[in-house]
Amino acid sequence: QVQLVESGGGLVQPGGSLRLSCAASGFTFSRYRMNWYRQAPGKERELVATITSAGGYRNYADSVKGRFTTSRDNAKNTVYLQMNSLKPEDTAVYYCNFRREEYDYWGQGTQVTVSS
């Protein structure tokens, strides 16, 4: 049974940092590209970052480039999102995701709130 469990969200002041984790199980994690999405209230879910199966290629939304970094540890079946210089507009529920055979798998999400 595929499971994706995000953690690490919370309340942080503008300019602060958070590190999100997504623990994966039930599939061969090291074979799949992993993605981070976010969804703010009243907005569509948007792709924030992606990392290939071995971690050799990473891509980011323009809105987070230079502030967010995604990484993975295939030995631990975990993908990370390091978020620095956080802004109020980064407030959203963050989800990890992967696609297998045209089906998208999602975690339950973790709330990130950036506010003073």
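Look above for the structure.
Residues numbered from 1 in each chain as written. Predicted model: local features only at pLDDT ≥ 70, side-chain atom pairs only at ≥ 80, totals over all residues. Heavy atoms only, no water.

Novice: I'd love a proper account of the overall build of the chain, names of residues and values included.
Specialist: The secondary structure content of the chain amounts to zero helices and 11 strands. Its helices and strands taken in sequence order, the chain reads β-β-β-β-β-β-β-β-β-β-β from the N to the C terminus. For the chain, whose C-alpha radius of gyration is 13 Å, the value lies close to the compact-globule estimate of 13 Å for 116 residues. Along the first, second and third principal axes, the C-alpha atoms of the chain reach 40 × 25 × 20 Å. In the chain, which comprises 116 residues, the share counted as buried stands at 45%. At a minimum sequence separation of 6, the contacts of the chain that also span at least 24 residues come to 51%. Carbon and sulfur atoms make up 43% of the accessible area of the chain, which amounts to about 6300 Å² in all. Positive and negative side-chain charges of the chain, numbering 14 and 10 respectively, have mean locations separated by a distance of 6 Å. (Helix = DSSP H or I, 4+ residues; strand = E, 2+ residues; numbered from the N terminus. Rg over C-alpha atoms; globule rule 2.2 N^0.38 Å. Buried < 20%, exposed > 50% of the residue type's maximum accessible area, 1.4 Å probe, protein only. Contact = heavy atoms within 4.5 Å. Areas by Shrake-Rupley, 256 points an atom, 1.4 Å probe, with all protein chains shown as cover. Lys, Arg positive; Asp, Glu negative; His and termini not counted. Charge placed at Lys NZ, Arg CZ, Asp CG, Glu CD.)

Novice: Which residues make up the pairing of strand 1 (residues 3–7), and what values go with them?
Specialist: Going residue by residue along strand 1, you find Leu-4 and Glu-6 tucked away on one face and Gln-3, Val-5 and Ser-7 left uncovered on the opposite face. Inspection of the sheet shows strand 1 paired to strand 3 (residues 18–25) by five bridges, in the antiparallel sense. Bridged to Glu-6 within strand 3 is Cys-22. (Pairing = 2+ DSSP bridges.)

Novice: Now, about the environment of Asp-62: what can you tell me, with residues and values included?
Specialist: In this structure, Asp-62 sits in the loop between strand 6 (58–60) and strand 7 (68–73). Given the relative accessible area of 67%, Asp-62 is considered exposed. Between the alpha carbons of Asp-62 and Val-48 there is a distance of 8.5 Å; along the sequence they are 14 residues apart. A distance of 3.3 Å separates the side chain of Asp-62 from the side chain of Lys-65, its partner in a polar contact. (Polar contact = N/O pair within 3.5 Å; in protein donor to acceptor, adjacent residues only side chain to side chain.)

Novice: Residues and numbers for the sheet that holds strand 7, please.
Specialist: Read from one edge to the other, the open sheet built from four strands follows the order 1-3-8-7, with strand pairing classed as antiparallel. A strand with exactly one partner marks an edge of an open sheet, and here the two such strands are strand 1 and strand 7. Each adjacent strand pair in this sheet contributes to an overall mean axis angle of 15°, direction not counted. (Axes fitted to C-alpha atoms, helices over the stretch in contact; angles between N-to-C directions.)

Novice: Talk me through the state of the cysteines; I want residue IDs and the actual numbers.
Specialist: Per the counting criterion, the structure on display carries one disulfide. With a sulfur-sulfur separation of 1.9 Å, Cys-22 is cross-linked through a disulfide to Cys-96. Handedness here is read from the sign of the S-S torsion; for Cys-22 and Cys-96, about 45°, the answer is right-handed. Highlighted residues: Cys-22 in strand 3 and Cys-96 in strand 9 (residues 92–100), separated in sequence by 74 residues. For the pair Cys-22 and Cys-96, one class covers both residues: buried. (Disulfide = S-S within 2.5 Å.)

Novice: Please provide a residue-by-residue account of unusual backbone geometry, values included.
Specialist: Glycine aside, a negative phi is what most residues show, and trans is what most peptide bonds show. One non-glycine residue, Ser-85, adopts positive backbone phi at about 50°. Mapped onto the secondary structure, Ser-85 falls in the loop between strand 8 (78–83) and strand 9. At Glu-102, a residue that is not glycine, the phi angle is positive and equals roughly 70°.

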